[in-house]
Amino acid sequence: MTVQPHRSMPISTGMAADLGRAIPDARGKLTANAPLAPLVWFKSGGAAEWLFEPKDVVDLQAFLRDLDPQMPVMALGLGSNLIVRDGGVAGVVIRLGKAFAKVERSDEVTLGCGGGASGILVSSTARDAGIAGLEFLRSIPGTVGGFVRMNGGAYGSEVKDILVDCDVVLRSGEVKTLPVAALGYTYRHSELPEGAIVVAARFRGRPGEPAAVQVEMDRISASREASQPLRSKTGGSTFKNPEGRKAWKLVDAAGCRGLALGGAQVSEKHTNFLINTGNATSAEIEALGEEVRRRVKETQGVELEWEIQRVGRS
Ligand SMILES: Cc1cc2nc3c(=O)[nH]c(=O)nc-3n(C[C@H](O)[C@H](O)[C@H](O)COP(=O)(O)OP(=O)(O)OC[C@H]3O[C@@H](n4cnc5c(N)ncnc54)[C@H](O)[C@@H]3O)c2cc1C
């Protein structure tokens, strides 16, 4: 069975060309023309043609299996590493809700985590279970799906060091378990198949005393608080650190600290963070990033590569 967007649903002109595309029915929540700005850290950008919040894995599988293969699909976590362009995202954006946010111990040192679980929940469950080595996830404001996709890392650890395997629902609707070796991990990059949604992951640590794990989590939190604009509308690290260099140092050396364009600004606190100081458009945020890249290339001779994922239409 398929449904069409109906007339009472808000419609932006950016989406008009896509109206009328059929979409499978589902048990979860399907919203046509759903604003994404409230769902991402930058609080900017356009709407999703469709936003789908599946009820469970079976619902997600059936939906993807029945969805027109031409319809693009992308996953959204907490939107903490994302610029959604102002023209919105064509196709279906999939957001994992409560049913995917569970974290459970599966053996002495391993946690089974839902793809929508937050880093805070994973690290605090690890602490309570006496598992060390997952503390760094405390400081990354994303979901398990985003961590697996981005090879999230901090304080000398990254996801590839703790991931055993993950379950993904492929664009075809098929569920597959991918071992860490299949993900082709490099710095802040994985080779997750296009359109695959990470619905679960198993992270392995090592035995640890809960009190000592807490001390490490507190140390990480305090260090974060001191060095990053955590209470701003931001997208985390904007550029990847080039081999052997720090992106923030290059941006600073290029004279970009505090540089502004419309409502977008290079953070004064951490120069590898862009912030939305009020009502920046995504176009302003992205153009500021490009201007920083240009200045770093011109003055430092280094081509910075975006770490932030930029999606949708300008
Ligand atoms: C203040 C701040 C500090 C940060 N510090 C760090 C840091 O120290 N280290 C670090 O690595 N990152 C950091 N980040 C960036 C960000 O938190 C990570 O990249 C995180 O992994 C993104 O997770 P997310 O769930 O919010 O993904 P999103 O930002 O929503 O999406 C990022 C990418 O992951 C994909 N994705 C999301 N969920 C899934 C899923 N279930 N299945 C498949 N693909 C999915 C999206 O399609 C997109 O391509 C920081 C961000 C902020 C705002």
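Each value, and the rule that gives it
Residues numbered from 1 in each chain as written. Predicted model: local features only at pLDDT ≥ 70, side-chain atom pairs only at ≥ 80, totals over all residues. Heavy atoms only, no water. Helix = DSSP H or I, 4+ residues; strand = E, 2+ residues; numbered from the N terminus. Rg over C-alpha atoms; globule rule 2.2 N^0.38 Å. Buried < 20%, exposed > 50% of the residue type's maximum accessible area, 1.4 Å probe, protein only. Contact = heavy atoms within 4.5 Å. Areas by Shrake-Rupley, 256 points an atom, 1.4 Å probe, with all protein chains shown as cover. Lys, Arg positive; Asp, Glu negative; His and termini not counted. Charge placed at Lys NZ, Arg CZ, Asp CG, Glu CD. Pairing = 2+ DSSP bridges. Axes fitted to C-alpha atoms, helices over the stretch in contact; angles between N-to-C directions. Expected span 1.5 Å × (residues − 1). Arc of directions from axis to C-beta. Near = heavy atom within 4 Å. Polar contact = N/O pair within 3.5 Å; in protein donor to acceptor, adjacent residues only side chain to side chain. Nonpolar A, V, L, I, M, F, W, Y, C, P; charged D, E, K, R; others polar. Parallel < 35°, antiparallel > 145°, perpendicular 65-115°, else oblique. 1 Å grid on protein atoms, 1.4 Å probe; cavity = no way out; pocket = protein on both sides within 12 Å on 5 of 7 lines; lining within 4 Å. Points joined across faces, edges and corners; volume = space filled by probe spheres on them. Salt bridge = Lys/Arg side-chain N within 4 Å of Asp/Glu carboxyl O.

Visitor: Got a minute to help me understand the overall build of the protein chain in this structure?
Guide: Helix and strand counts for the protein chain come out as seven helices and 21 strands. Computed over C-alpha atoms, the radius of gyration of the protein chain comes to 20 Å, within 12% of the 20 Å expected from 2.2 N^0.38 for 314 residues, which places it in the range of a compact globule. In terms of overall dimensions, the protein chain has a C-alpha envelope of 55 × 50 × 30 Å along the principal axes. Here the protein chain holds 314 residues, and 51% of them are scored as buried. Contacts in the protein chain between residues at least 24 apart in sequence constitute 63% of all its contacts with a sequence separation of at least 6. Of the accessible surface of the protein chain, which amounts to about 14100 Å², a share of 52% is contributed by carbon and sulfur atoms. The distance from the centre of the 38 positive side-chain charges to the centre of the 36 negative ones in the protein chain is 3 Å.

Visitor: Honestly, the sheet that holds strand 15 (residues 197-204) in this entry has me stumped. Any pointers?
Guide: For sheets, the rule is that strands pair by backbone hydrogen bonds, running either parallel or antiparallel. Reading across the sheet, the five strands line up as 8-9-15-13-14 and stay open at both edges, with antiparallel pairing between neighbours. The sheet is open, and its two borders are formed by strand 8 (103-107) and strand 14 (175-179), each paired with just one other strand. Taken pair by pair, the neighbouring strands of this sheet meet at an average axis angle of 20°, ignoring direction. Sheet analysis places strand 13 (residues 163-169) next to strand 14, joined by five bridges and oriented antiparallel. Within the sheet, the bridge partner assigned to Asp165 lies in strand 14 and is Pro179. Against the sheet, helix 2 (residues 119-128) makes contact with strand 8, strand 9 (110-114) and strand 15, and its axis sits at roughly 155° relative to strand 9, the strand it touches most.

Visitor: Quick question: what am I supposed to make of helix 5 (residues 210-227) here?
Guide: A turn of α-helix holds 3.6 residues, and therefore any two residues three or four places apart point the same way. In a regular helix each residue adds 1.5 Å, so 18 residues correspond to 26 Å; helix 5 covers 26 Å between its end C-alpha atoms and thus fits that length. Of all the positions in helix 5, only Val213, Met217, Ile220 and Arg224 are classed as buried. Along the axis of helix 5, the buried positions cluster into a sector of 65°, meaning they face one direction only. In helix 5, the exposed positions that point more than 90 degrees away from the buried face belong to Ala211, Val215 and Ala226. Buried residues along helix 5 sit in contact with helix 2, strand 10 (131-132) and strand 11 (153-154).

Visitor: Mind showing me how you'd approach the site of the ligand here?
Guide: As a structural note, the neighbourhood of the ligand is formed by 34 residues, with Ala75, Thr143, Arg149, Gly153 and Arg224 the closest of them. Here Gly146 contributes a backbone N or O atom positioned 3.3 Å from an oxygen atom of the ligand. In this structure, Val198 approaches the ligand through a main-chain N or O atom, which is 2.9 Å from a nitrogen atom. Within the complex, 97% of the 960 Å² of free accessible area of the ligand lies under protein. When contributions to the shell around the ligand are tallied by element, the ones reaching two or more residues are strand 5 (73-76), helix 3 (144-150), strand 11, strand 15 and strand 17 (233-237). Broken down by element, the shell around the ligand gets its largest block of residues, five residues, from helix 3. Of the residues in the shell around the ligand, the class split is 17 nonpolar, 14 polar and three charged.

Visitor: It is not clear to me how the packing of helix 2 against helix 5 should be interpreted in this structure. Could you clarify?
Guide: Helix-helix packing is described using two parameters, namely the angle between the two axes and the distance between the axes. Between helix 2 and helix 5, whose axes approach to 8 Å, the crossing angle comes to 150°. Between helix 2 and helix 5, the interaxial angle falls into the category roughly antiparallel. Touching Ser123, Ser124 and Arg127 of helix 2 are Pro210, Val213, Gln214 and Met217, all from helix 5. A per-class count over the contact of helix 2 with helix 5 returns three nonpolar, three polar and one charged.

Visitor: Got a minute to help me understand the layout of surface pockets in this structure?
Guide: In this structure, the second largest pocket spans a volume of roughly 260 Å³. Around the second largest pocket, the lining is made up of 15 residues, and of these Ile120, Arg138, Ser139, Ile140 and Pro141 lie nearest the centre. In terms of residue class, the lining of the second largest pocket is made up of seven nonpolar, five polar and three charged.

Visitor: How do you make sense of the pairing of strand 20 (residues 273-276) when you look at a structure like this?
Guide: Here strand 20 shows a buried face lined by Phe273 and Ile275 and a second buried face lined by Leu274 and Asn276. The pairing of strand 19 (residues 264-266) with strand 20 spans three bridges and is classified as antiparallel. Across the sheet, residue Gln265 finds its bridge partner in strand 20, namely Ile275. Between strand 19 and strand 20, which pair antiparallel in sequence order, lie six residues.

Visitor: Hey, could you run me through the pattern of salt bridges in this one?
Guide: Opposite charge on two side chains makes pairing possible when the charged atoms of those side chains draw close. In the structure shown here, the tally under the stated rule is 24 salt bridges. Note that Asp161 and Lys160 form a salt bridge whose closest N and O atoms lie 3.3 Å from each other. Classification of Asp161 by relative accessible area gives partly exposed; the value is 45%. In this structure, Arg295 and Glu291 form a salt bridge, with 2.7 Å as the shortest nitrogen-oxygen distance.

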